[in-house]
Amino acid sequence: MSRARLPLAALSLASASALLLAGCSQSSDASKAAGDKAAPAAAATGTKPAPFSKGKVKVALVRQSGAGDYFEQWGNGAKAQAKALGIDLTVYDAQADNAKQATDLSAAINSGAKAIIVDHGFPATIQPEIDKAVKKGIKVVVYDVETTNKSVISTKQDDASMAQAVLDVMGDQLGKDAKVGYVNVAGYAALDKRDSVWKKTADANGWKQEFKVGKVTDSTATDNVPLVSAALTQHSDVAGVFAPYDELAKGTVLAVQNKKLQDKVKVFGADVSNADIQNMTAKGSPWVATAGTDPSAVGAAVVRTTALELAGQLNKSSVEFPAVAITQDFLKSKGIENMDQLRKALPALNLSKVSTADWIANVAH
Amino acid sequence: MTTTQSTEVPTKAALPPATSTGLRVQSAVIKYGFIFVTVTLFTYFALSEPSFRDSATLLDTLRYVSVAAILGLGVTLTMAVGGMDMSVGAVAGLGVTVAAKTMVTYNQVGVVAILAVVAAGALAGLLNALLIVVLKIPDMLATLGTMFVIQGTKLILVDGQSITPGMTQSDGTTAPGKFTDGFLRIDRGTVLGVPVSVLIFGALTVVAWVFLARTRWGRVLYAIGANPEASRLAGIRVGAYRALAYVLSGVLASIGGLILASRIGQGDVSAGTSQLLEAVAVALVGTSVLGRGRPNVWGTALGAVLIGIITTGLTIKGLPYYTQDVVEGAVLILALVFSFTLSKRRTA
């Protein structure tokens, strides 16, 4: 008998310790994320309103995917801001499995969360669950999701401001009536918004668009090199090329270098990441300007927006995060090599003025 | 799936022999160990997390695992004949695409979509049967091959694009249809508060159990899995029964695809891929339930429920997915210890 019970006891012990171990790794992970990624929070001076005055507030973050440099930093910013606000943040990560995101959202609704943040997702998949959440009186804040529900707070990166910021630099550097090239693809919401700003700005400056090429694939950067190279063979007299997505910009940079035109043709991109900074500051890089948002600051700002909505102080239904122009000259003169250094050198990236109040300890400052 | 019990007469294998008192206790551990782990975990989560006790959370958990469970039932059938079906995830994904194509591109009603999806599943099963039974390719390799072929076919059907209502099609026109409300009810609707997909999971579990454990056909499937040569000599048409198992697996996988399609609400080309490992895992872990050491329907269903409890419980506890995988794996290994390690010790 004892022989039979021993393994059972040992196994239940093993199972319990597995859970315990996992629990430990979670808490250390959370503190590490907060410590590494975010500068010490700007102290809150005001009195916390309800529900924050009554202790921890339960909020769920339901993500389509948390993988990749951008989304990891976004998540770290959100977690750090949640911690600073006294939010008990539960993160549901569907790992790009859309069916799981639907059940995750459903689970979040039943979890007793006061607010739910939905980060990306197919509208057809998540809209019914969002409606259910709103009906239950849960505050819903979406990031980069098209939603039809009027009670939902919509947040997104301001793509128009991103294009405008780069095009302002392009206008300064090329002047009026220049010959220009354009690398972009239709059919992606973010790129379409950047496209409409391009058309307006190009018209206003009297730029002559000599070519428009571009495609989006599994390896966009590499696959655009032959397209842009061919276009540059035909039109080697362009003064600048606008490629409003960093993968397109990378392909354009390679094409310009292949054609040995880096002294004549300037590349104006969009988005910013560690790899993009490396690319722009490399010797002989024709990529002279880009614009971007800091994913970590955006994640934090989305959580602050949620907090304001919970406290009944938001008073608007959409918040957009403006992009900031970043030039090659700026990066080189400050010796910036990565996002961390860029954040320090360019405070505007931190969105510290967006969705904040005196009672909010702001992690971005 | 040949196990230590495979030498027993199949009809008797359902009842583990217990000859003496000592062995009876040990066989109780083997028999109920898995259920003990499930109940322990459930109690732990229920006591420590109030929101876990909520009936809505429990139904959500069942809804979440319903697809993997139904796919797992198909895998169980193929394991019963000594095979394995690696194509179930791809077939479910094909189901999502066929459903979207039928309703959105061809503007058909939900019933037509359901018939088309199930037909596609049966066809995929027939393809597996052809490769395994007629062309004699080993089951694992054959179904791995069809997995890739089906995934590729699915992408070709839609030019690699997810089908969404109102999308611009390759010929420049706008897609005329949408997912019908009736079709969306497969996963989003409820009957007496229970999600329809959970009811489908429950119904299919009962049907599969009756089929596999209570009919002659089911016993024949197990007999083939235990000893195909003896079955053949006993006059059983082994090839036909193995083909039947793969076709049924294809049909079950397509039903899982219907639920996925209804849950996602558009033709997501990546759907289904994540379901394969979970389906195989629940079928494998199911072999340890009730100490059977062989594929069985209740084991598969309970295995799916256990995975659901772990995933939901750990998420409510705030563990990120990458730590969940470790815990999930550890509990699965623990469950398998009951059926394999302890069973071996008993027979030794």
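Here is a short report on the structure shown in this document. On a predicted model such as this, the values are computed, not experimentally measured, just so you know.

1. Observations concerning the interface of chain A and chain B
Thought 1: With 33 residues of chain A at the contact, the number on the chain B side is 42 residues.
Thought 2: Secondary-structure elements contributing two or more residues to the side of chain A that touches chain B are α1 (2–37), β2 (87–93), α3 (98–110) and α4 (123–135) of chain A.
Thought 3: Tallying contributions element by element places α1(A) first for the side of chain A that touches chain B, with twelve residues.
Thought 4: In terms of residue class, the side of chain A that touches chain B is built from 18 nonpolar, 13 polar and two charged.

2. Remarks on helix α5 (residues 159–174) of chain A
All names here are of chain A.
Thought 1: With 16 residues, α5 should reach 22 Å at 1.5 Å per residue; the first-to-last C-alpha distance of 22 Å fits that figure.
Thought 2: Within the sequence span of α5, burial applies to D159, M162, A163, A165, V166, L167, V169 and M170.
Thought 3: Packing partners of the buried residues in α5 comprise β5 (153–157), α6 (189–205), β8 (240–242), β9 (266–268), β10 (287–292) and β12 (324–327).
Thought 4: Looking one or two residues beyond α5, the residue adopting positive phi is G175, at roughly 75°.

3. Some thoughts on the pairing of strand β3 (residues 115–119) of chain A
All names here are of chain A.
Thought 1: Counting buried positions over the five residues of β3 gives five, a clear majority of the element.
Thought 2: Burial along β3 is two-sided: A115, I117 and D119 and I116 and V118, pointing in opposite directions, are all buried.
Thought 3: Where strand β1 (residues 57–63) and β3 come together, five bridges link them in parallel fashion. Directly across from V59, in β3, lies its bridge partner A115.
Thought 4: In this sheet, strand β4 (residues 139–143) lies alongside β3 in parallel orientation, the contact comprising five bridges. Across the sheet, the residue bridging to A115 is K139, located in β4.

4. Brief notes about unusual backbone geometry
Residue and element names in this part refer to chain A.
Thought 1: Here the bond from A50 into P51 is cis, since omega is 0°, no more than 30 degrees from zero.
Thought 2: Here P51 shows up in the loop between α1 and β1.
Thought 3: Although it is not a glycine, D144 sits at a positive phi angle of roughly 55°.
Thought 4: Within the fold, D144 resides in the loop between β4 and β5.
Thought 5: Judged by the 18 C-beta atoms lying within 10 Å of it, D144 is partly exposed.
Thought 6: Not every positive phi belongs to a glycine, and D177 is a case in point at roughly 55°.
Thought 7: Its place among the elements puts D177 in the loop between α5 and β6 (179–183).
Thought 8: Given 9 C-beta atoms within a 10 Å radius, D177 is considered exposed.

Calculation rules
- The residue numbers shown here count from 1 along each chain, following its written sequence.
- In the order they appear in the text, chains get letters beginning with A and ligands get numbers beginning with 1.
- It should be noted that, the model being predicted, local features are given only for residues of pLDDT at least 70 and side-chain atom pairs only at 80 or more, the latter also being counted only at that level, while totals for whole chains, interfaces and linings use all residues.
- Note that contacts rest on C-beta atoms placed from the backbone: two residues are in contact if these are within 7 Å.
- The helix count covers DSSP runs of H or I at least four residues long, the strand count covers runs of E at least two residues long, and both are numbered beginning at the N terminus.
- Lys, Arg, Asp and Glu make up the charged group, whereas Ala, Val, Leu, Ile, Met, Phe, Trp, Tyr, Cys and Pro make up the nonpolar group; the residues left over, Gly among them, are polar.
- Multiplying one less than the number of residues by 1.5 Å gives the expected span of a helix.
- Exposure criterion: with C-beta atoms placed from backbone coordinates, a residue whose C-beta has 20 or more other C-beta atoms within 10 Å is buried, one with 12 or fewer is exposed, and one in between is partly exposed.
- In this description, strands pair whenever DSSP reports at least two bridges between them.

Remember that the coordinates give geometry; whether it matters functionally is a separate question.
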